[in-house]
Amino acid sequence: MESIVKAATQEKIICIITSIALAVTYFVAGFAVCVGVPYVTQFLSEQNSVYESTPFTEQQINELAMATRDYTVGSHNLDALMSEISKANAEANTQYAQASQEELLTDVPDEYTLNESAIAHLDDVNELVSTLYFPMFGVVAIAAFCFMAMFKMFGTKPVGKALFYSGVAVLIAFAVISICALVGFSGFFAGIHALFFQPGTWVFPVDSLLISMYPQSFWMGMGLCWLIVSCVLAALSIVFGRVILKRQTDSSK
């Protein structure tokens, strides 16, 4: 009797751990798509980036948005980014077409360039994303290990429970997040930034190049992409979990 209770307790604990790890995995997957797939930035830039009030064409703004993305979550090559900015100014024949990299960083108005403050914020984002890589992969590895261990030790029923409850948890979490964002996206956006960045380091003029490339609508689209990817995975998890549990119920009759 004691061994049965012990086994049931172990099954419950590993099921809870697996459910949490899977839920975080679905959440991380949405983030990974937003950060790791360049086409997401390209598409959202083409749909949302503002060029009418800038010295640049739509194509140039989109190209600068992609170069900025590469600097932030890709190669992190400052020379390559500033070269693209210099090229855009030359193509647009602005008064800063011949400005040096140092001048673009310190002396040129931020409608034409990414100045030191903008670059510093991109560096902060790069550091944050880089710091998150290892924990995210760790959670995915834990989810996979627990999932396989649970299946081997206790069979398919707890697997079905973990799939079902992790999916439900993600849908509930995103429902709450979505409500908060819909009530006031600006405040929600500011609150998220306040959690990770120093006050004032992420606020820029509305006509700056950084905001022209990535206006609020861009980030709303990025959030929607994250929501769709994570919630689709969560919904599939619920469906597979329900199927497994139903088969277990039917086979026990």
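Residues numbered from 1 in each chain as written. Predicted model: local features only at pLDDT ≥ 70, side-chain atom pairs only at ≥ 80, totals over all residues. Heavy atoms only, no water.

A. Quick peek at the overall build of the chain. Secondary structure assignment for the chain yields 10 helices and zero strands. When the helices and strands of the chain are placed in sequence order, the string is α-α-α-α-α-α-α-α-α-α. Its C-alpha atoms give the chain a radius of gyration of 23 Å, clearly above 18 Å, the size a compact globule of 253 residues would have. Its C-alpha atoms put the chain at 85 × 30 × 30 Å along the principal axes. (Helix = DSSP H or I, 4+ residues; strand = E, 2+ residues; numbered from the N terminus. Rg over C-alpha atoms; globule rule 2.2 N^0.38 Å.)

B. Representation of the packing of aromatic side chains in the model. Inspection of every chain in the model, using the stated rule, returns 11 aromatic pairs. Within the aromatic cluster, the residues linked to one another by ring pairs are F185, F189, Y214, F218 and W219. (Phe/Tyr/Trp six-rings, centres within 6.5 Å; stacked < 30°, edge-to-face > 60°.)

C. Spatial organisation of helix α3 (residues 58-73). The first and last C-alpha atoms of α3 sit 23 Å apart over 16 residues, in line with the 22 Å expected at 1.5 Å per residue. For α3, the full list of buried residues reads Q60, I61, N62, L64, A65, A67, T68, R69, Y71, T72 and V73. (Expected span 1.5 Å × (residues − 1). Buried < 20%, exposed > 50% of the residue type's maximum accessible area, 1.4 Å probe, protein only.)

D. How the structure looks around a nonpolar patch on the surface. Residues L224, I228, V232, L233, L236 and F240 make up a contiguous nonpolar surface patch of about 530 Å² in total accessible area. On the accessibility criterion, V232 (44% relative accessible area) is partly exposed. (Patch = residues over 30% accessible without salt bridge, like charges linked within 9 Å, V, L, I, M, F, W, Y side chains within 5 Å. Areas by Shrake-Rupley, 256 points an atom, 1.4 Å probe, with all protein chains shown as cover. Salt bridge = Lys/Arg side-chain N within 4 Å of Asp/Glu carboxyl O.)

E. Representation of the packing of α3 against helix α4 (residues 78-91) within the structure. Contact pair α3 / α4: the axes reach a minimum separation of 9 Å and the direction vectors enclose 170°. The angle between the axes of α3 and α4 places the two elements in the roughly antiparallel class. From α3, Q60, L64, A67, T68 and Y71 reach across to α4, where they touch L78, L81, E84, I85, A88 and E91. Here the residues of the contact of α3 with α4 sort into seven nonpolar, two polar and two charged. (Axes fitted to C-alpha atoms, helices over the stretch in contact; angles between N-to-C directions. Parallel < 35°, antiparallel > 145°, perpendicular 65-115°, else oblique. Contact = heavy atoms within 4.5 Å. Nonpolar A, V, L, I, M, F, W, Y, C, P; charged D, E, K, R; others polar.)

F. A look at the packing of α3 against helix α6 (residues 116-154). Their axes nearest at 7 Å, the elements α3 and α6 cross at an angle of 50°. Considering their axes alone, α3 and α6 lie oblique with respect to each other. Residues T68, Y71, T72 and V73 of α3 pack against I119, L122, D123, V125, N126, V129 and Y133 of α6. When the residues that make up the contact of α3 with α6 are grouped by side-chain class, the tally is seven nonpolar, three polar and one charged.

G. Representation of unusual backbone geometry in the model. Phi is positive for H76, close to 55°, though the residue is something other than glycine. Tracing the chain through its elements places H76 in the loop between α3 and α4. One non-glycine residue, N93, lies in positive phi territory at about 55°. Within the element layout of this structure, N93 appears in the loop between α4 and α5 (101-106).

H. Structural detail: the layout of surface pockets. The computed volume of the largest pocket comes to approximately 1800 Å³. Those elements giving two or more residues to the lining of the largest pocket turn out to be α1 (2-36), α3, α6, α7 (156-183), α8 (185-196), α9 (209-213) and α10 (216-252). For the lining of the largest pocket, a count of residues per class yields 41 nonpolar, eight polar and one charged. (1 Å grid on protein atoms, 1.4 Å probe; cavity = no way out; pocket = protein on both sides within 12 Å on 5 of 7 lines; lining within 4 Å. Points joined across faces, edges and corners; volume = space filled by probe spheres on them.)

I. Molecular detail of a negative patch on the surface. On the surface, E102, E103, D107 and E116 cluster together into a negatively charged patch. Mapped onto the elements, D107 comes out in the loop between α5 and α6. A residue is classified by how much of its surface remains accessible, and D107, at 57% relative accessible area, is exposed. (Lys, Arg positive; Asp, Glu negative; His and termini not counted. Charge placed at Lys NZ, Arg CZ, Asp CG, Glu CD.)

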